[in-house]
Structures are given as structure tokens and as C-alpha cells.
Amino acid sequence: SLSHYLKDLSSSCSEIPLPIDSVEPLGAELRQTTLFYPRPHPLLGLSGGKTKLEKVIPGVITDQILIQIRFEGSSKWPMDIEAMGAAKCAMLVQLGEAMEGQKDFTGPIVVTRTHLDIGYQGYSWRIIVRADEELRMLAKLKQPSPAALALQKHLHRKHVVGARHHTLIHPLTTRHPSASGVIRLVKRWLACHLLSGLLGEDGNE
């Protein structure tokens, strides 16, 4: 699986300064509540592919499946908010370069300041970095600026609340097979009535 692949890659590759401690799913596709299930595509690193297509943008072919990675705790993380963002970006760049150097990896790789898009086993994945040091740093600010408050709210919503929501919904759809169909039906009804944006995906689920 992608989780094992990323962990093994970070442990064996010297270019990545910290090993990956955990890989956490966030996307609705991984809790069986997405409206349209993704299908494997031959241009996204499907097993058996012989051509490495680096210029294909994964998001153009299909929607990305969102996951977040957490590196092991270390004193190497910077103590400045802007520097922390640059460090997370550097981690994604190094991870992308390490994948690019693997002979068995044939999918496309696109790195941005906030995420890493890859094609793996026929699916499009979006990888973001969760740095708990950054969350704690923002929470300890005595007089945070409006920008810092907005950043803290955004990161907490994306990393912490998103992971908790997935942990809540995934066991439900696993234990009760009908739950997935009911959630998808509700999403379909809301979308047909142009109401899906009122509560957001998590609220609809």
C-alpha cells in the first residue's frame, strides 16, 4: 500500500532527514463516502506500466485522494512560523525527488508549496504534511496576529478535525454497509438541490 511504501522510502532514503511516523487518510474516497468512486488510470503509475510520464498532472485526470503524513518528532524543526512552512515544503520536495529516483515508481509527480500530487497504482494522491510542532507553536503565541489566528484555524481544521472526522465515519461505513450508500444518497440529493456547499462535505456526512 502507499502507506507502507512511503514509510519504507523515508527510512531507506538518506535524502529525507526525518522518517515518516504515520500516514493518515483524510479523503472521502478512503471512507467510502465519496459521490463517485475513483477508477484506476493507466497514466497514474498503474502496475505493469512501462513508461514514466512525469509531465502528466494527476489532478487533470482524476480527483486527488487526500492523505497527510507526520514525520517523527525532532529538534530539527524550525521555531519560526514562516520557516516552518518552508521546512514542510522542503520535506515534500525531498520526498518527491526520492520517489523520482525509484525505478519501480512510474507515476507522475507534482510538488507545490503546500502539497505533493503523485500517481500511484493507478490513482491520484495528494499528500500534505502535518507538523504538530507548528500547531503547538501557533497555540502558544501570546498575542497572535490576525494572519496567525487564521492560519491556526485553517491548520487545525484541516489536520486535526479532518483526521478525527475520518476516524469517526470510517468505522461506521465498515460496520454498517448501508451507511455508505445512505451518505452518498444524501450527498447526491443535496448536490441536486444546490445545497451541498452549505455545510461542507464533513457536515453533509
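Keep in mind it's a predicted model, so treat the numbers as computed, not measured.

1. Looking at the overall build of the chain
Right, so step 1: In terms of regular secondary structure, the chain is built from 7 helices and 5 strands.
Right, so step 2: Along the chain, helices (α) and strands (β) appear in the sequence α-β-α-β-α-β-β-β-α-α-α-α when read from the amino end.
Right, so step 3: For 205 residues, the compact-globule formula gives about 17 Å, and the C-alpha radius of gyration of the chain, at 18 Å, lands near that figure.
Right, so step 4: The C-alpha extent of the chain, read off along each of the three principal axes, is 55 × 45 × 30 Å.
Right, so step 5: Put simply, the chain has 205 residues, and 39% of those count as buried.
Right, so step 6: For the chain, the centre of its 24 positive side-chain charges and the centre of its 20 negative side-chain charges are spaced 5 Å apart.

2. Overview of the packing of aromatic side chains
Right, so step 1: A full pass over the atoms with the stated rule returns 4 aromatic pairs.
Right, so step 2: Look at F105 and Y120: their rings are 6.4 Å apart centre to centre, the planes differ by 15°, and that puts the pair in the stacked class. In this pair, F105 is assigned in the loop between helix 3 (81–100) and strand 3 (109–111) and Y120 in strand 4 (residues 116–120), connecting sequence segments 15 residues apart. We note that F105, like Y120, is buried.
Right, so step 3: Members of the aromatic cluster, connected to one another through ring pairs, are Y5, F105 and Y120.

3. Notes on a nonpolar patch on the surface
Right, so step 1: On the surface, W189, L195, L198 and L199 cluster together into a nonpolar patch covering about 460 Å² of accessible area.
Right, so step 2: By the secondary structure assignment, L199 is in helix 7 (residues 196–204).
Right, so step 3: Taking relative accessible area as the criterion, L199 reaches 62% and is therefore assigned exposed.

4. Some details on the nonpolar core
Right, so step 1: With 30 residues, the main nonpolar core has L6, I69, F71, M99 and I118 as its most contacted residues.
Right, so step 2: Secondary structure elements with two or more residues in this core: helix 1 (2–12), strand 1 (20–25), strand 2 (65–71), helix 3, strand 4 and strand 5 (123–129).
Right, so step 3: Counting 5 residues, the second-largest nonpolar core is a separate cluster that includes L135, A148, L155 and V160.

5. Brief notes about the side chain of K187
Right, so step 1: Mapped onto the elements, K187 comes out in helix 6 (residues 177–192).
Right, so step 2: Setting aside residues up to four positions removed in sequence, K187 forms contacts with A28, T33, T34, L35, E201, N204 and E205.

6. Some thoughts on the sheet that holds strand 1
Right, so step 1: Taken in spatial order, the 5 strands line up as 1-2-5-4-3 in an open sheet, and their pairing is mixed. Of all strands in the sheet, those with a lone pairing partner are strand 1 and strand 3, marking the two edges. Sheet twist, expressed as the mean angle between neighbouring strand axes with direction ignored, is 25°.
Right, so step 2: The sheet contact formed by strand 3 and strand 4 spans 3 bridges and is antiparallel. Counted as the bridge partner of I109 is I118 from strand 4.
Right, so step 3: Along the sheet, helix 3 makes contact with strand 2, strand 3, strand 4 and strand 5, crossing strand 3 at roughly 165°.

Rules used in this analysis
Residues numbered from 1 in each chain as written. Predicted model: local features only at pLDDT ≥ 70, side-chain atom pairs only at ≥ 80, totals over all residues. Heavy atoms only, no water. Helix = DSSP H or I, 4+ residues; strand = E, 2+ residues; numbered from the N terminus. Rg over C-alpha atoms; globule rule 2.2 N^0.38 Å. Buried < 20%, exposed > 50% of the residue type's maximum accessible area, 1.4 Å probe, protein only. Lys, Arg positive; Asp, Glu negative; His and termini not counted. Charge placed at Lys NZ, Arg CZ, Asp CG, Glu CD. Phe/Tyr/Trp six-rings, centres within 6.5 Å; stacked < 30°, edge-to-face > 60°. Patch = residues over 30% accessible without salt bridge, like charges linked within 9 Å, V, L, I, M, F, W, Y side chains within 5 Å. Areas by Shrake-Rupley, 256 points an atom, 1.4 Å probe, with all protein chains shown as cover. Salt bridge = Lys/Arg side-chain N within 4 Å of Asp/Glu carboxyl O. Core = buried A, V, L, I, M, F, W, Y, C linked by side-chain atoms within 4.5 Å. Contact = heavy atoms within 4.5 Å. Pairing = 2+ DSSP bridges. Axes fitted to C-alpha atoms, helices over the stretch in contact; angles between N-to-C directions.

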